[in-house]
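Chain by chain, the residues:
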Amino acid sequence: MRRKTLALATASGAALLAAAALPATAQPGAPRATPAAPGAGLQEGSVSAADLLAKLKGCSQLSNGKYRTDEETSATVPVCGKNGAVFWKADMDVDCDGQTTSKCNADTDPWYQDDTAFRQSNGKPLNAEKLPYVVVPSSSGIWNYASAGIKGGGVVAVIYNNQVEYAVVGDTGPDKIIGEASYAAAKNLGINPDPENGGADSGVTYVLFKNSKASPIESHADAVSRGDALAKKFLQDN
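Residues numbered from 1 in each chain as written. Predicted model: local features only at pLDDT ≥ 70, side-chain atom pairs only at ≥ 80, totals over all residues. Heavy atoms only, no water.

K.L.:
Tell me about the state of the cysteines, residues and numbers included.
P.N.:
Linking two cysteines covalently via their sulfur atoms produces the bond known as a disulfide. Inspection of every chain in the model, using the stated rule, returns two disulfides. The residue that forms a disulfide with Cys59 is Cys80, at a sulfur-sulfur distance of 2.0 Å. What sets the handedness of the Cys59 and Cys80 disulfide is the S-S torsion sign, and at about -100° it is left-handed. Of this pair, Cys59 sits in the loop between helix H2 (49-54) and strand S1 (80-82) while Cys80 sits in strand S1; the two residues are 21 residues apart in sequence, bridging distant segments of the chain. Since its relative accessible area comes to 41%, Cys59 is described here as partly exposed. (Disulfide = S-S within 2.5 Å. Helix = DSSP H or I, 4+ residues; strand = E, 2+ residues; numbered from the N terminus. Buried < 20%, exposed > 50% of the residue type's maximum accessible area, 1.4 Å probe, protein only.)

K.L.:
Break down the confidence of the model for the protein chain for me, with residues and values.
P.N.:
Here the protein chain averages 87 in pLDDT, and 83% of its residues register 70 or above. Counted against residues more than four places away or in other chains, residues 1-39, with its pLDDT under 50, gives 80 contacts. (pLDDT = per-residue confidence, 0-100. Contact = heavy atoms within 4.5 Å.)

K.L.:
Go over the pattern of salt bridges with me, naming the residues and quoting the values.
P.N.:
Summed over all chains, the structure comprises five salt bridges. Its salt-bridge partner being Asp115, residue Arg119 comes within 3.0 Å of it at the nearest N-O pair. Assessed through its relative accessible area of 42%, Arg119 is described here as partly exposed. By relative accessible area, which is 30% here, Asp115 ends up partly exposed. For Asp237, the salt bridge identified is with Lys233, shortest N-O distance 2.6 Å. With a gap of four residues between them, Asp237 and Lys233 both fall in helix H4 (residues 220-237), about one helical turn apart. A residue is classified by how much of its surface remains accessible, and Asp237, at 34% relative accessible area, is partly exposed. (Salt bridge = Lys/Arg side-chain N within 4 Å of Asp/Glu carboxyl O.)

K.L.:
Hey, could you go over the nonpolar core for me, with residue numbers and the actual values?
P.N.:
Core analysis: the biggest nonpolar cluster contains 44 residues, and Trp88, Met92, Trp143, Val158, Tyr206 and Leu208 have the highest contact counts within it. Every element with two or more residues in this core is listed here: strand S2 (85-95), strand S3 (133-137), strand S4 (155-160), strand S5 (163-173), helix H3 (183-188) and strand S7 (200-209). Ignoring any residue separated from it by four or fewer positions in sequence, one finds Leu208 in contact with Gly84, Ala85, Val86, Trp88, Val136, Ile150, Val155, Val156 and Val169. Val47, Ile159, Tyr166 and Val224 belong to the second-largest nonpolar core, a separate cluster that totals 17 residues. (Core = buried A, V, L, I, M, F, W, Y, C linked by side-chain atoms within 4.5 Å.)

K.L.:
Help me get a handle on the packing of aromatic side chains, residues and values and all.
P.N.:
In this structure the tally under the stated criterion is three aromatic pairs. Aromatic side chains Trp88 and Tyr206 sit 6.0 Å apart centroid to centroid with 35° between the ring planes, which places their arrangement in the tilted category. Of the two residues, Trp88 is situated in strand S2 and Tyr206 in strand S7; the sequence distance between them amounts to 118 residues. In this structure, Trp88 and Tyr206 share a single accessibility class: buried. Summarising the aromatic geometry, the rings of Phe209 and Phe234 are spaced 6.2 Å apart at their centres and angled 75° between planes, so their arrangement reads as edge-to-face. Taken together, the residues span a long stretch of sequence, with Phe209 in strand S7 and Phe234 in helix H4 at a distance of 25 residues. (Phe/Tyr/Trp six-rings, centres within 6.5 Å; stacked < 30°, edge-to-face > 60°.)

Here it is as structure tokens:
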């Protein structure tokens, strides 16, 4: 998972060295690297970003409090509810956890972990380089994703820069931080997918459809097919 507590960087006992060792995105006040410019634009399914966003104005807050987008920021992001879905508007940090690949490994990601909370149908961790997936905050007093009808493999519409991408719920992260998705999810949306200094500072909307599940979890094609049907129903019900 992309976000880690700053305590990881202080193991040397020298504050100055710790600050230097941290990536720019983890240092308070440091700007994140500029996202890669989108190409022609991604549109999965037939429901447009504009139509989905039109249904996401305002917020019926479900969470008992709000989340931070990064370790050093204040808590400003609520989890909101709609008929058939929950959503939040945040940033995107890049998760490279799961199977070891050329893009996601201990050399490319200082916080790399070789497992994911939810696994493929064959029992292996998910492949962050290949599979678009979203990270949900671990259950806490702020919000319990499972109680809201969100499960591993659940279908998610990720909206960024007038683009729509479908993903699955693939991993869990810190219980006070929100806004994270896999290397593949970022790359497909034209966001810099580098797990150390990539991501997007803002402008990402995550719509998680309740009681949904791609089958198998590693099938992006199934997530897109189910996501398109769920998005159409979401427009009808809201």
